[in-house]
Amino acid sequence: MKQVHVAVGVITDANGKILIAKRPQVAHQGGLWEFPGGKVEPGETVQQALTRELFEELDVQCSDFVPVIQISHDYGDKQVLLDVYRVVSFTGTAIGKEGQPLNWVSPSELGSYPFPAANYPIVNALQLPDRLVITGDFASQPECLARVDACLVRGAKLLQLRAPELEQEAFIRLAQRVLARCHREGAKLVINADPSQPFTADGVHLNGKRLSEMSERPPALADLLVGASCHSAQDIHKANRLGLDYIFLSPVQPSASHPNAKPLGWAAFAELTAFAKMPVYALGGMSDDNILTAKEAGGQGVAGISAWW
């Protein structure tokens, strides 16, 4: 079955709301909402296809695009490759030139709309930041909280609390305090811990061992963010089967935390990321300077400890 290459545009207004359109009932996946775009024609780049499709569908002229995510999906009766780009600027007023209903919604509201299955990773990507901060070593809980505060002041929107040296009760108490700080600043917290323990966070991050041991996503985690650390195609396929919300792929570059691990490099990162059905963060030697490179390689952004902790 031939794969259909589709260019998808994420258009945002001045208030941060995102444009979605409703598919015609007679179309494939009809009646569901989608991000606008269309088929990439032979000889076109994705950006050229987006410029053409968004004018034909919405009567807007778009310029400057930033990659968001690339998703392959098999519907059984149709295989698609979605190349998703955020529209940096556009002119005109969006209208449904083909009679399709349009709606502008905030990123947090996207989960309330029924999308085709291939679009849900896009929803995840739009609700996640392009930088994920992982906590590193700390000598005391007050020091940890002070470092968390500093990360939040610098704009962190998603943190992972990792403290394997703490006993469970101490970890839970610390997580409660970190979570309160995150929510006060409009950020989210995931914990790197046993997913069966009591939850005091917005989600859980699975290390490699926990990922390998999990046979299904527990119902208790249905409404929480669940991510995992991956190092191979096998790990990524396991994360796909579990329906995880994001993954780390590492090490991309030499890392002080894993000095003996062989780096993947950006070419291998891009090849492996193509297997993922969820946003992928590059991990290992990362900083803010690597965010655009990660996105151009198909990733969500970067994750790390030393650059921000």
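Residues numbered from 1 in each chain as written. Predicted model: local features only at pLDDT ≥ 70, side-chain atom pairs only at ≥ 80, totals over all residues. Heavy atoms only, no water.

Q: Explain the packing of aromatic side chains to me, please; I cannot follow it from the model alone.
A: For any two aromatic rings, the description comes down to two numbers: the centre-to-centre distance and the angle of the planes. Going through the model one piece at a time under the given rule, you end up with seven aromatic pairs. When the ring of Trp266 is compared with that of Phe269, the centres are 5.4 Å apart and the planes differ by 80°; the resulting orientation is edge-to-face. On the criterion of helical spacing, the pair formed by Trp266 and Phe269 is a turn pair, its members being three residues apart in helix H7 (residues 265-273). Given the relative accessible area of 22%, Trp266 is considered partly exposed. A residue is classified by how much of its surface remains accessible, and Phe269, at 0% relative accessible area, is buried. By the ring-pair criterion, three or more aromatic residues cluster together here, those being Phe35, Phe115 and Tyr120. (Phe/Tyr/Trp six-rings, centres within 6.5 Å; stacked < 30°, edge-to-face > 60°. Helix = DSSP H or I, 4+ residues; strand = E, 2+ residues; numbered from the N terminus. Buried < 20%, exposed > 50% of the residue type's maximum accessible area, 1.4 Å probe, protein only.)

Q: Sorry, what's going on with the layout of surface pockets here?
A: In this approach, a probe sized like a water molecule rolls over the atoms, and the result shows the empty space that is left. Computed from the structure, the largest pocket encloses a volume of approximately 900 Å³. Lining the largest pocket are 40 residues, and of these Ile134, Arg162, Asn192, His258 and Ile305 lie nearest its centre. Listing elements by their share of the lining of the largest pocket, those giving two or more residues are helix H4 (168-184) and helix H5 (208-213). The space that makes up the second largest pocket amounts to roughly 510 Å³. Looking at the lining of the second largest pocket, the elements with two or more residues in it are strand S1 (3-10), strand S2 (18-22), strand S4 (37-39), helix H1 (46-58) and strand S6 (79-91). Per-class residue counts for the lining of the second largest pocket are twelve nonpolar, six polar and eight charged. (1 Å grid on protein atoms, 1.4 Å probe; cavity = no way out; pocket = protein on both sides within 12 Å on 5 of 7 lines; lining within 4 Å. Points joined across faces, edges and corners; volume = space filled by probe spheres on them. Nonpolar A, V, L, I, M, F, W, Y, C, P; charged D, E, K, R; others polar.)

Q: I tried to follow the sheet that holds strand S3 (residues 33-34) on my own but got confused; where do I start?
A: In a beta sheet, neighbouring strands are held together by backbone hydrogen bonds and run either parallel or antiparallel to one another. As summarised here, the arrangement of the three strands in space is S3-S2-S7, forming an open sheet in which the pairing is antiparallel. Edge positions in the sheet fall to S3 and strand S7 (102-105), since each has one partner strand and no second. In terms of strand pairing, S2 meets S7 through four bridges, oriented antiparallel. By the bridge assignment for S7, Ile20 is matched with Asn103. (Pairing = 2+ DSSP bridges.)

Q: Even after reading the chapter, I still don't get the nonpolar core, so can you show me in this structure?
A: Soluble globular proteins tend to bury their nonpolar side chains together. The biggest cluster of nonpolar side chains holds 50 residues, and the ones touching the most others in it are Leu159, Leu161, Val178, Leu189, Ile191, Leu244 and Ile247. It is H4 that contributes the most residues to this core, six residues altogether. Beyond its immediate chain neighbours, meaning those up to four positions away, Leu159 contacts Val133, Val148, Cys151, Leu152, Cys182, Lys188, Leu189 and Val190. Residues Val8, Trp33, Val105 and Ala125 belong to the second largest nonpolar core, which totals 22 residues. (Core = buried A, V, L, I, M, F, W, Y, C linked by side-chain atoms within 4.5 Å. Contact = heavy atoms within 4.5 Å.)

Q: Got a minute to help me understand the pattern of salt bridges in this structure?
A: Close approach of charged atoms allows side chains of opposite charge to pair. Considering all chains together, one arrives at twelve salt bridges under this definition. The salt bridge partner of Asp149 is Arg181, with a shortest N-O separation of 3.0 Å. Within this pair, whereas Asp149 is found in helix H3 (residues 141-153), its partner Arg181 is found in helix H4, the two being separated by 32 residues in sequence. The exposure class assigned to Asp149 is partly exposed, which follows from its relative accessible area of 26%. Each of Glu44, Arg52, Glu53 and Glu56 takes part in one network of salt bridges that share partners. (Salt bridge = Lys/Arg side-chain N within 4 Å of Asp/Glu carboxyl O.)

Q: Help me understand H7 in this model?
A: For an α-helix, the turn length of 3.6 residues means that residues three or four places apart are oriented alike. Every buried residue of H7 is listed here: Phe269, Leu272 and Thr273. Buried positions in H7, seen along its axis, are confined to an arc of 95° and lie on one side of it. Across H7 from its buried face, at more than 90 degrees, point the exposed residues Ala267 and Glu271. (Arc of directions from axis to C-beta.)

Q: I keep staring at the sheet that holds S1 and nothing clicks. Help me out?
A: Within the open sheet, the four strands sit side by side as S4-S1-S6-S5. Their pairing is mixed. If you trace the sheet from one side to the other, it starts and ends with S4 and strand S5 (61-74), each paired once. Ignoring strand direction, the axes of neighbouring strands in this sheet form an average angle of 20°. The sheet contact formed by S1 and S6 spans eight bridges and is parallel. (Axes fitted to C-alpha atoms, helices over the stretch in contact; angles between N-to-C directions.)

Q: Even after reading the chapter, I still don't get unusual backbone geometry, so can you show me in this structure?
A: For the bond from Ser250 to Pro251, the omega torsion is -10°, close enough to zero to count as cis. Tracing the backbone through its elements, the reader meets Pro251 in the loop between strand S13 (246-249) and H7. Notably, Asp59 is not glycine yet its phi reads approximately 65°, a positive angle. With a phi angle near 65°, Asp64 is a residue other than glycine that sits in the positive phi range. With respect to the secondary-structure elements, Asp64 resides in strand S5.

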